[in-house]
Amino acid sequence: MILWLVLLLIFILGLFIGSFLNVVIDRVYRGEQFFRGRSYCELCKHTLEPKDLVPVFSYLRLKGKCRYCNGKIPLMLSVVELTTGLAFAGLVYYLANLPGMASFSVQLIPAGIFYFLFLITLLLIFFTDLKYYVIPNIYLYFLAGIYLVGGLVYYVSISHGGVLGTIGIQFLSLVSFYVSIKGHLISALVMGLFFAILHFGSNKKAMGEGDIYLSAILALFLGSVLSIVMWFVSFFTGAVTGVALVLVHRKKLKSKIPFGPFLIIGFVVSFLFGSVLFDLYLRLI
Ligand SMILES: [Zn+2]
């Protein structure tokens, strides 16, 4: 019961974070400073009041139209908010249900921070690529930085005893990314190389440069087996979506579809169900 109450609160918190991410997505893409200036309507540039900024609800109350210019508010804004709310609640549910983990123990905090920073960066990449067909480098640096800092925290804490050591061990049981560094580095290299060949081999048409680095960093987190699952799921979902969009005439055969979102879908599916899927595959062949 308490868990569901917490999940509801986290979901609502996520809606507001999602509203903030909408601002970050646009301002980082345009190279503006995202912590300065109030939010404004994209169409008439009118500064928005707090009552216009309640995630999802403002959109529903205004029936998707700007209060000042009557212009259409992009539905994407609410999609980002809802996705962030659901993703946040999903992450807390995941952390609370890990085997052998006392729900909401203090020792979960370092790994919790790690996961939330990681999730937020993935959401920013997902929706920036979907909206603008580009993955800003700053997000990629941030993602790689999270991996490095996480590894540092892990190695420093396990080499100490006491409370710090316990946190390190808990951290490891949650974040198994640092078990075999060599395997993870090789996965990253192979994955990056594969996407680099697609990118340069197709005259930069089939894959963006951002996909090279994104796929490599995600493979760094997953290691070899789970990277294969990510690779397969991202190409499968990408192909199915591409065919579906052509069939409903939303896209032409030659039009561009960003691949970053599919890499991230592949990553999440592999992270959650990768070992199950891989076993299933091995049993089939
Ligand atoms: Zn307006």
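No experiment lies behind these values; they were computed from the predicted model shown.

Thresholds applied
Residues numbered from 1 in each chain as written. Predicted model: local features only at pLDDT ≥ 70, side-chain atom pairs only at ≥ 80, totals over all residues. Helix = DSSP H or I, 4+ residues; strand = E, 2+ residues; numbered from the N terminus. Buried ≥ 20, exposed ≤ 12 C-beta atoms within 10 Å, placed from the backbone. Axes fitted to C-alpha atoms, helices over the stretch in contact; angles between N-to-C directions. Parallel < 35°, antiparallel > 145°, perpendicular 65-115°, else oblique. Left-handed = near helix turned anticlockwise from the far one by under 90°. Nonpolar A, V, L, I, M, F, W, Y, C, P; charged D, E, K, R; others polar. Core = buried A, V, L, I, M, F, W, Y, C linked by C-beta atoms within 7 Å. Contact = placed C-beta atoms within 7 Å.

## Let's talk about the overall build of the protein chain
Now for step 1: Each helix and strand in the protein chain was counted, giving nine helices and zero strands.
Now for step 2: Traced from its N-terminal end to its C-terminal end, the protein chain shows the element sequence α-α-α-α-α-α-α-α-α.
Now for step 3: In the protein chain, which comprises 285 residues, the share counted as buried stands at 30%.

## Details of the packing of helix 1 (residues 2–30) against helix 3 (residues 75–96)
Now for step 1: One way to put it is that helix 1 packs onto helix 3 with a least axis distance of 7 Å and a crossing angle of 140°. One way to sum up the angle between helix 1 and helix 3 is to call them oblique. For helix 1 against helix 3, the interelement crossing comes out right-handed.
Now for step 2: Considering only residue class, the contact of helix 1 with helix 3 consists of 19 nonpolar, seven polar and one charged.

## Observations concerning the environment of I125
Now for step 1: With respect to the helices, strands and loops of the structure, I125 is situated in helix 4 (residues 109–132).
Now for step 2: Using a count of 26 C-beta atoms within 10 Å as the deciding quantity, one classes I125 as buried.
Now for step 3: Measuring from C-alpha to C-alpha, the distance between I125 and L140 comes to 8.4 Å, with 15 residues separating the pair along the chain.

## Some points on the nonpolar core
Now for step 1: Judged by nonpolar contacts, the single largest core of 45 residues is most densely connected at L123, L124, I125, A216, I217, L218 and M230.
Now for step 2: Elements represented by at least two residues in this core include exactly helix 1, helix 3, helix 4, helix 5 (137–159), helix 7 (181–201), helix 8 (209–247) and helix 9 (260–284).
Now for step 3: Among the elements that line this core, the one with the most residues is helix 8, at 16 residues.
Now for step 4: When neighbours within four sequence positions are excluded, L218 is seen to be in contact with M230, L263 and F267.

## Some details on unusual backbone geometry
Now for step 1: Notably, N70 is not glycine yet its phi reads approximately 65°, a positive angle.
Now for step 2: Secondary-structure assignment places N70 in the loop between helix 2 (57–61) and helix 3.

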